[in-house]
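Fold and contact review
Listed here are the chains, written in short residue letters.
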Amino acid sequence: MSLCKLHNVVKEYQGEEHVRPVDGVTMEVQPGDFLTIEGPSGTGKSTLLYMMGGLLRPTSGEIHLSGQDMTSLDDAQLTTLRSRCIGFIFQEANLLPALSALENLLFALRLRRGASPTGEERRRSMAMLDTLGLGERMHFLPYQLSVGQRRRIAIARALITDSALLIADEPTNDLDPHWAQRVMELLQEQSQQGKAVVMVTHHDVWASWARHRYYLDNGQLRAR
Ligand SMILES: Nc1ncnc2c1ncn2[C@@H]1O[C@H](COP(=O)(O)OP(=O)(O)O)[C@@H](O)[C@H]1O
Ligand SMILES: [Mg+2]
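Below: a short report on this structure. (Residues numbered from 1 in each chain as written. Chains lettered and ligands numbered in written order. Predicted model: local features only at pLDDT ≥ 70, side-chain atom pairs only at ≥ 80, totals over all residues. Heavy atoms only, no water.)

1. Comments concerning the overall build of the protein chain
Regarding its fold elements, the protein chain presents seven helices and 10 strands. For the protein chain, the C-alpha radius of gyration of 17 Å lies close to 17 Å, the compact-globule estimate for 224 residues. Considering only C-alpha atoms, the protein chain reaches an extent of 45 × 40 × 35 Å along its principal axes. Taken across its 224 residues, the protein chain has 50% of its residues classed as buried. Long-range pairs, those at least 24 residues apart, make up 67% of the contacts in the protein chain with a sequence separation of at least 6. (Helix = DSSP H or I, 4+ residues; strand = E, 2+ residues; numbered from the N terminus. Rg over C-alpha atoms; globule rule 2.2 N^0.38 Å. Buried < 20%, exposed > 50% of the residue type's maximum accessible area, 1.4 Å probe, protein only. Contact = heavy atoms within 4.5 Å.)

2. Let's talk about the site of ligand 1
Lining the immediate surroundings of ligand 1 are Y13, P21, P40, S41, G42, T43, G44, K45, S46 and T47. Between ligand 1 and G44, the relevant distance is 2.9 Å, taken from an oxygen atom to a main-chain nitrogen or oxygen of the residue. With respect to ligand 1, the side chain of S46 contributes an N or O atom lying 2.9 Å from an oxygen atom. For ligand 1, the accessible surface in isolation is 570 Å², of which the surrounding protein chains cover 57%. Top element by residues in the shell around ligand 1 is helix α1 (residues 45-52). It accounts for three residues. Per-class residue counts for the shell around ligand 1 are three nonpolar, six polar and one charged. (Near = heavy atom within 4 Å. Polar contact = N/O pair within 3.5 Å; in protein donor to acceptor, adjacent residues only side chain to side chain. Areas by Shrake-Rupley, 256 points an atom, 1.4 Å probe, with all protein chains shown as cover. Nonpolar A, V, L, I, M, F, W, Y, C, P; charged D, E, K, R; others polar.)

3. Remarks on the sheet that holds strand β5 (residues 68-69)
What the four strands build is an open sheet, ordered β2-β1-β4-β5; its pairing is antiparallel. Edge positions in the sheet fall to β2 (18-29) and β5, since each of these pairs with one other strand and no more. Two elements, strand β1 (residues 4-14) and strand β4 (residues 60-65), share five bridges in a ladder whose sense is antiparallel. Considered in β4, the bridge of L6 is made with I63. Its contacts with the sheet place α1 against β1, β2 and β4, and it is angled at close to 125° to β1. (Pairing = 2+ DSSP bridges. Axes fitted to C-alpha atoms, helices over the stretch in contact; angles between N-to-C directions.)

4. As for the nonpolar core
Counting 34 residues, the largest nonpolar core has L129, L132, I153 and L187 as the members making the most contacts within it. Looking at this core element by element, the count peaks at seven residues for helix α5 (residues 147-160). Each residue touching L187, except ones within four places of it in the same chain, is listed here: F34, I89, L159, L166, P171, V197 and M199. Membership of the second largest hydrophobic core comes to 32 residues, among which are V25, M70, Y214 and L216. (Core = buried A, V, L, I, M, F, W, Y, C linked by side-chain atoms within 4.5 Å.)

Here it is in C-alpha cells:
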C-alpha cells in the first residue's frame, strides 16, 4: 500500500488574480521513497507540499495518507493524522520564537504523543541537535541564532518525531556546503530506514540524490 497518494489534485487561489498552481496532479509515495520536486519559483511547489502534508485543502481531487482520505477529514481529525504521520520542514524555519532550540523539539514531541516527552526523548533531542552542530546552542532562542542555525533546528524538529512521511521545502536553503551535504545525508538515512522523503529543491546536485525526480510546471507534474 502506498503511504501517500494524490489523485487529480487541483488547487486554485481566488484573489484579485485567479491562480491555479496545481492543476491535476496524480502521484504516489511509497515507504522508503526519496523523491524531489523541482520547478520555477512561484510555480506551486510549496502549495503541493502543503496539501500533501494536510496543511492546505485542495480545491478538488483526493489525497490519501496511510489509507485515509485526508479530504474527508474534519480539521481536528486532520490535525491528529498530521501530527502522527508527518514531519514538515517549512521553506522558512517557522520556529516558535519564545522557545529555545531544544524546547522547539520537545514541543513537537509533545504534540506527537499528547504527553510530556520522556527522558529518553529529551536525550535523543539533544543528540539530534548535536548532530546538526547545535550542541552548544540548544538553550538559545531562535532570535539569538543565525538563519542557518535556525534552519538546522527546524530540520532537527522534523526528524526527531520519526515521521513516516518527511516533507522538506528547500531544506538546504541558508546552509553552507558542509551542512547542506550533512542534511542531505540525514534525509537519505531516513529513506533508507523506510521513511518517505519528499523534497523541493532548486539544486540539481541535491535533486540527483533522489530515487524519483519530478518537475512541476504549469500545474502539471512530470517525471524527469
Ligand atoms: N495563500 C495564497 N493566496 C493566493 N495565492 C497564493 C497563495 N499562496 C500561494 N499563492 C500563489 O500560488 C503560486 C504558487 O506559489 P508557491 O506554491 O509558493 O510556489 P513555489 O513554492 O513553487 O515557489 C504563486 O503564484 C503564489 O503567488
Ligand atoms: Mg516554495
